[in-house]
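Architecture and fold: a report
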Amino acid sequence: DAGITQSPRHKVTETGTPVTLRCHQTENHRYMYWYRQDPGHGLRLIHYSYGVKDTDKGEVSDGYSVSRSKTEDFLLTLESATSSQTSVYFCAISGARAGEVYEQYFGPGTRLTVT
Amino acid sequence: AQTVTQSQPEMSVQEAETVTLSCTYDTSENNYYLFWYKQPPSRQMILVIRQEAYKQQNATENRFSVNFQKAAKSFSLKISDSQLGDTAMYFCAFMKLGDNYKLTFGKGTLLTVNP
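Quick caveat: nothing in here was measured; it's all calculated off a predicted structure.

The next point concerns unusual backbone geometry. Note the cis peptide between A:Ser7 and A:Pro8, where omega equals -10°. Locating A:Pro8 in the fold gives a position in the loop between strand S1 (4-7) and strand S2 (10-13). A positive phi angle, close to 50°, is found at B:Asp81, a residue other than glycine. With respect to the element layout, B:Asp81 can be found in the loop between strand S9 (74-79) and strand S10 (88-96). For B:Asn100, which is not glycine, the phi dihedral falls at a positive 60°. The topology assignment puts B:Asn100 in the loop between S10 and strand S11 (103-105).

In structure tokens, the structure reads:
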């Protein structure tokens, strides 16, 4: 199994509070991704990173920010949590390099509830 | 933008029988990969099988095989000799080459294998 951990695994927070989710990898992979999973929507990409300090928006980025100051860590921040951000959040990594394709490996997920 | 459609929200099959899950996608790209991921009740995302669009031969992995019809933009998953452990949500996913290896997911099909 790919070495990916997410913390916390569960969190309940109140509307309007800031929340940071952490993804940590031990694979030294270049690419990292944050998805959210909601019933009836599958997984949707929030933000991704293609290197240290290199990040970009995904399909559902509003209300989220990310940072990657070192290869192994990718942080997802909800600046002011809303009930619509109640979801399960997955981090994924990929070791893809130019000319090759690697599947994404997923972390165990974080269940976030905003009350 | 690519879209992935899984038209069967839920399916069921008897143990030891064969079942086929459907997936269609819409893209104007010629170079891409397709994936099937499995998500059991544990919530962990597990890669089942992948298919390179340039390959005409359908991918197989043990009891799992795909029927890839590029012209029809169809990518179905066949599970033979279904086992109770195959009970899971199955997601079809599309990856466009040269786009930071991002995945676009379908909404998923919940497969239940009955004893």
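A word on the side chain of B:Gln39. If you trace the backbone, B:Gln39 turns up in strand S5 (residues 32-39). A polar contact of 2.8 Å, which involves the side chain of B:Gln39, links it to the side chain of A:Gln37. Residues in contact with B:Gln39, not counting those within four places in the same chain, are A:Gln37, A:Phe90, B:Gln44, B:Met45, B:Ala88, B:Met89 and B:Phe91.

Thresholds, definitions, all that
- Every residue gets a number counted from 1 within its own chain, in the order that chain's sequence is written.
- Chain labels run from A onward and ligand labels from 1 onward, assigned in the order the entries are written.
- With pLDDT at 70 or above as the cut-off, local features in this predicted model cover only qualifying residues; side-chain atom pairs require 80 or more to be listed or tallied, and sums for whole chains, interfaces and linings still use all residues.
- Hydrogens and waters are ignored; side-chain quantities use all the structure's heavy atoms.
- Numbering of helices and strands starts at the N terminus; helices are DSSP runs of H or I of at least 4 residues and strands are runs of E of at least 2.
- Polar contacts, as counted here, are pairs of nitrogen or oxygen atoms within 3.5 Å of one another; within protein the pair requires one atom able to donate a hydrogen and one able to accept it, and residues that are adjacent in sequence qualify only if both atoms are side-chain atoms.
- For this analysis, residues touch if any pair of their heavy atoms sits within 4.5 Å.

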